There are 2 protein chains.
Amino acid sequence: MINILIADDHTMFVDGMESILTGESDLVVVGRSYDGPSVIEFLKDHEVDLVLLDVNLPGMNGIEVCKEISLNYANVKVLAISMFNEESFVSEILNNGAKGYILKNTGREELLKAIRTVAKNDSYFSKDVTETIMKSLMNQRKASSKAVSSIPKLSRREKEVLRLIAQEFTTQEIADNLYISLKTVESHRSSLLSKLNARNSVGLVRIALENNLLD
Amino acid sequence: MINILIADDHTMFVDGMESILTGESDLVVVGRSYDGPSVIEFLKDHEVDLVLLDVNLPGMNGIEVCKEISLNYANVKVLAISMFNEESFVSEILNNGAKGYILKNTGREELLKAIRTVAKNDSYFSKDVTETIMKSLMNQRKASSKAVSSIPKLSRREKEVLRLIAQEFTTQEIADNLYISLKTVESHRSSLLSKLNARNSVGLVRIALENNLLD
DNA sequence: AAAAAACTTCGGGTAAACCCCCAAAAAAAA
DNA sequence: TTTTTTTTGGGGGTTTACCCGAAGTTTTTT
């Protein structure tokens, strides 16, 4: 018998899941929570095997809740559920102790399978989520081998100029703003083009935005 | 007796709503659709009073579906349901004939009330949604004077030109690439600057990247 | 401390971007 | 069908961006 706590603030969802689970003889829903803190509260004085946890929970984020559970209630398994197949959500909650991650468009059969798999302390991910994780792993290699290293350091002045270029100021306006000559600013522009390997200021700004050079 | 079609691609959700509705003697769920086109298909040969329509539907957008319904099936009422309390969603679907808009965290009682209200051809909005609409009405003054976030639609050609600008091509190169005159490309550039409210191509690209206009 | 490298500062000249005016054919929307 | 938007393009002009070169200053390396 698997004791389940459903933690989701969307009433219809909770109803949907409960209607699926009540038909199964080995599963029993022992509680519902509509926000993060009440999940922790519930675990204090109830026997729970598995938490069906919405990643986007009000009050206390699903990720925080998951962290708390895996720290203080190690025997409680967490199956994360979310609307979004977002790489950031998936990796973050997995790093905080969730054993599985499924999407809310998951069907009845898959939901049951996921619950029973996670209850046995195995991992379960829906097909879409697996794809997302794979993609992010693929991109990590590309990113680390190509993009990162190829950006030289920009000097203080160059960064200032770049920031103003990105704000659509003209060279003359930048010169006035920095109290230097038009020609000096043009020189900085030229260095930027060369350093960032761009053909024009559009490329400058695109590269700057892609690499967070404006912070 | 109110005949209801549920249009949502999230299985659990549909289960949840159905479990709520089956308990009511005056409501009957006559069908389920998991994408836009099948809603239209279903209406062709079934008697439906009300569609519970997810705004974010795959295949054919919920807004498109709603438009289609109000054009060809005027006697079918639409109650829009969404995860998001977004002003853009709310106003757009209301402009396309939806009679009500509720969020997915709506409880059992409110869902039933909303259905019965809309079925009587009255309007229904959840409290949060009403607030959103009010806020947007308040902000309309500001928005019209400043034109902050509302981005006008770009034509096919404009998007092509914008994409090439973002790739650092010159006007002449863009003209060669698209087999049109230099002057034509300049004309498109000018429209882009005006539409996106930018001073130069740097602004164009920054706005394009910030608003995912290049996909 | 001396040499090398990088940074900041400018001038002159050319190519590109941007601006104003305009207008007709084609396509899409009302 | 009528109206609006889009796509196409021209003439002519101003402003801006970019290229080549160079000198003095600061920082880093040897």
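Residues numbered from 1 in each chain as written. Chains lettered and ligands numbered in written order. Predicted model: local features only at pLDDT ≥ 70, side-chain atom pairs only at ≥ 80, totals over all residues.

**Student:** So, the overall build of chain A: which residues are in play, and what are the values?
**Tutor:** Per the secondary structure count, chain A includes ten helices and six strands. Looking at the 215 residues of chain A, the share that counts as buried comes to 35%. Summarising the internal contacts of chain A: among those between residues at least 6 apart in sequence, 59% fall at separations of at least 24. (Helix = DSSP H or I, 4+ residues; strand = E, 2+ residues; numbered from the N terminus. Buried ≥ 20, exposed ≤ 12 C-beta atoms within 10 Å, placed from the backbone. Contact = placed C-beta atoms within 7 Å.)

**Student:** Just give me the short version of the nonpolar core, but keep the residues and values in it.
**Tutor:** Counting 82 residues, the largest nonpolar core has Leu 52, Leu 53, Leu 79 and Ile 93 of chain A together with Leu 52, Leu 53 and Leu 79 of chain B as the members making the most contacts within it. In this structure, Leu 79 of chain A is in contact with Leu 50, Leu 52, Leu 53, Lys 99, Gly 100, Ile 102, Ala 114, Ile 115 and Val 118 of chain A, ignoring residues within four places of it in sequence. With 25 residues, the next largest nonpolar core counts Ile 174, Val 205 and Ile 207 of chain A together with Ile 165 of chain B among its residues. (Core = buried A, V, L, I, M, F, W, Y, C linked by C-beta atoms within 7 Å.)

**Student:** Outline the interface of chain B and chain A, listing residues and values.
**Tutor:** If you look at the interface, chain B gives 28 residues, while chain A gives 28 residues. Ranked by residue count, the leading element in the side of chain B that touches chain A is helix 1 (residues 11–21) of chain B, at eight residues. Its residues assigned to classes, the side of chain B that touches chain A shows eleven nonpolar, ten polar and seven charged. (Nonpolar A, V, L, I, M, F, W, Y, C, P; charged D, E, K, R; others polar.)

**Student:** I'd like to hear about helix 2 (residues 36–44) of chain A, residue by residue, with values.
**Tutor:** Residues and elements named next belong to chain A. Within helix 2, burial applies to Gly 36, Val 39 and Leu 43. Buried residues of helix 2, seen end-on, are gathered within an arc of 55 degrees and therefore sit on one face of the element. Residues of helix 2 that are exposed and point over 90 degrees away from its buried face: Glu 41 and Lys 44. At its buried positions, helix 2 is contacted by strand 1 (2–7), strand 2 (27–33), strand 3 (50–54) and helix 3 (62–72). (Arc of directions from axis to C-beta.)

**Student:** Describe in detail the sheet that holds strand 6 (residues 124–125) of chain A, supporting the description with residues and values.
**Tutor:** Residue and element names in this part refer to chain A. Spatially, six strands are ordered 2-1-3-4-5-6 in an open sheet, and the strand pairing comes out parallel. On the outer flanks of this sheet lie strand 2 and strand 6, each paired with one strand and no other. Of the strands in this sheet, strand 3 and strand 4 (77–82) touch helix 3, which is tilted by about 160 degrees from strand 3. Helix-sheet contacts for helix 5 (residues 108–119) involve strand 1, strand 2, strand 3, strand 4, strand 5 (100–103) and strand 6, and the interaxial angle to strand 5 is about 170 degrees. (Pairing = 2+ DSSP bridges. Axes fitted to C-alpha atoms, helices over the stretch in contact; angles between N-to-C directions.)

**Student:** Got a sec to walk through the protein's contact with DNA strand D? Specific residues and values, please.
**Tutor:** Thr 171 and Asn 200 of chain A together with Ser 155, Arg 157 and Ile 180 of chain B are the nearest of the 22 residues found near DNA strand D. Broken down by secondary-structure element, the contributors of at least two residues to the surface near DNA strand D are helix 8 (171–178) and helix 9 (182–196) of chain A together with helix 7 (156–166) and helix 9 (182–196) of chain B. Broken down by element, the residue count for the surface near DNA strand D peaks at five residues, all from helix 9 of chain A. The residue inventory of the surface near DNA strand D, partitioned by class, reads two nonpolar, 13 polar and seven charged. (Near = placed C-beta within 6 Å.)

**Student:** Before we move on, can you summarise the sheet that holds strand 4 (residues 77–82) of chain B with the specific residues and values?
**Tutor:** Residues and elements named next belong to chain B. Pairing is parallel across the open sheet formed by six strands, whose spatial order is 2-1-3-4-5-6. Every interior strand has two partners, whereas the edge strands, strand 2 (27–33) and strand 6 (124–125), have only one. Sheet topology note: the strand 4/strand 5 (residues 100–103) ladder contains four bridges and is parallel. Considered in strand 5, the bridge of Ala 80 is made with Tyr 101. Sheet strands touched by helix 3 (residues 62–72): strand 3 (50–54) and strand 4. Its angle to strand 3, the strand with the most contacts, is close to 160 degrees.

**Student:** Could you give an account of the protein's contact with DNA strand C, naming the residues involved and the relevant values?
**Tutor:** What surrounds DNA strand C is a group of 20 residues, the closest being Ser 155, Ser 181 and Ser 187 of chain A together with Thr 171 and Asn 200 of chain B. Sorting the residues of the surface near DNA strand C by element identifies helix 7 (156–166) and helix 9 of chain A together with helix 9 of chain B as the ones contributing at least two each. Looking at which element gives the most residues to the surface near DNA strand C, the answer is helix 9 of chain A, with five residues. Taken together, the residues of the surface near DNA strand C break down into two nonpolar, eleven polar and seven charged.

**Student:** Could you give me a rundown of the packing of helix 2 of chain A against helix 3 of chain A, with the residues and numbers involved?
**Tutor:** Residue and element names in this part refer to chain A. The geometry of helix 2 relative to helix 3 is characterised by a closest axis approach of 9 Å and an angle of 20 degrees between their N-to-C directions. Taken together, the axis directions place helix 2 and helix 3 in an arrangement best described as roughly parallel. In the crossing of helix 2 with helix 3, the sense of the turn from one axis to the other is right-handed. Touching Gly 36, Val 39 and Ile 40 of helix 2 are Glu 64, Val 65 and Glu 68, all from helix 3. Here the residues of the contact of helix 2 with helix 3 are counted per class, giving three nonpolar, one polar and two charged. (Parallel < 35°, antiparallel > 145°, perpendicular 65-115°, else oblique. Left-handed = near helix turned anticlockwise from the far one by under 90°.)

**Student:** Account for the pairing of strand 5 of chain A, with residues named and values stated.
**Tutor:** Residue and element names in this part refer to chain A. Residues Gly 100 and Ile 102 point to one face of strand 5 and Tyr 101 and Leu 103 to the other, with burial holding for every one of them. Here strand 5 runs beside strand 6; their pairing, made up of two bridges, is parallel. By the bridge assignment, Gly 100 is partnered in strand 6 with Tyr 124. At this point the chain moves from strand 5, through helix 5, to the parallel strand 6, and the crossover so formed is left-handed. (Right-handed = clockwise from strand over helix to strand, strands pointing away.)

**Student:** A description of the environment of Asn 85 of chain A should follow, citing residues and the corresponding values.
**Tutor:** Residue and element names in this part refer to chain A. The topology assignment puts Asn 85 in the loop between strand 4 and helix 4 (87–94). Using a count of 16 C-beta atoms within 10 Å as the deciding quantity, one classes Asn 85 as partly exposed. As for Asn 85 and Ser 126, which are separated by 41 residues in sequence, their C-alpha atoms are 10.0 Å apart.

**Student:** Please set out the confidence of the model for chain A residue by residue, giving values where relevant.
**Tutor:** Across chain A, pLDDT averages 81, with 87% of residues at or above 70. For the stretch residues 137–149 of chain A, pLDDT sits under 50, and the model shows one contact to residues farther than four places along the chain or on other chains. (pLDDT = per-residue confidence, 0-100.)

**Student:** Any details on helix 10 (residues 201–210) of chain B? Residues and values, ideally.
**Tutor:** All buried positions along helix 10 of chain B are accounted for by Ser 201, Val 202, Leu 204, Val 205, Arg 206 and Ala 208 of chain B. Residues of helix 10 of chain B that are buried make contact with helix 7 and helix 10 (201–210) of chain A together with helix 7 and helix 9 of chain B. A positive phi of about 55 degrees marks Asn 212 of chain B, the residue just after helix 10 of chain B.

**Student:** Outline unusual backbone geometry, supporting the account with residue identities and numerical values.
**Tutor:** Of note in this structure, Asn 197 of chain A is not a glycine but carries a positive phi near 60 degrees. By the secondary structure assignment, Asn 197 of chain A is in the loop between helix 9 and helix 10. With a phi angle near 60 degrees, Tyr 179 of chain B is a residue other than glycine that sits in the positive phi range. Secondary-structure assignment places Tyr 179 of chain B in the loop between helix 8 (171–178) and helix 9.

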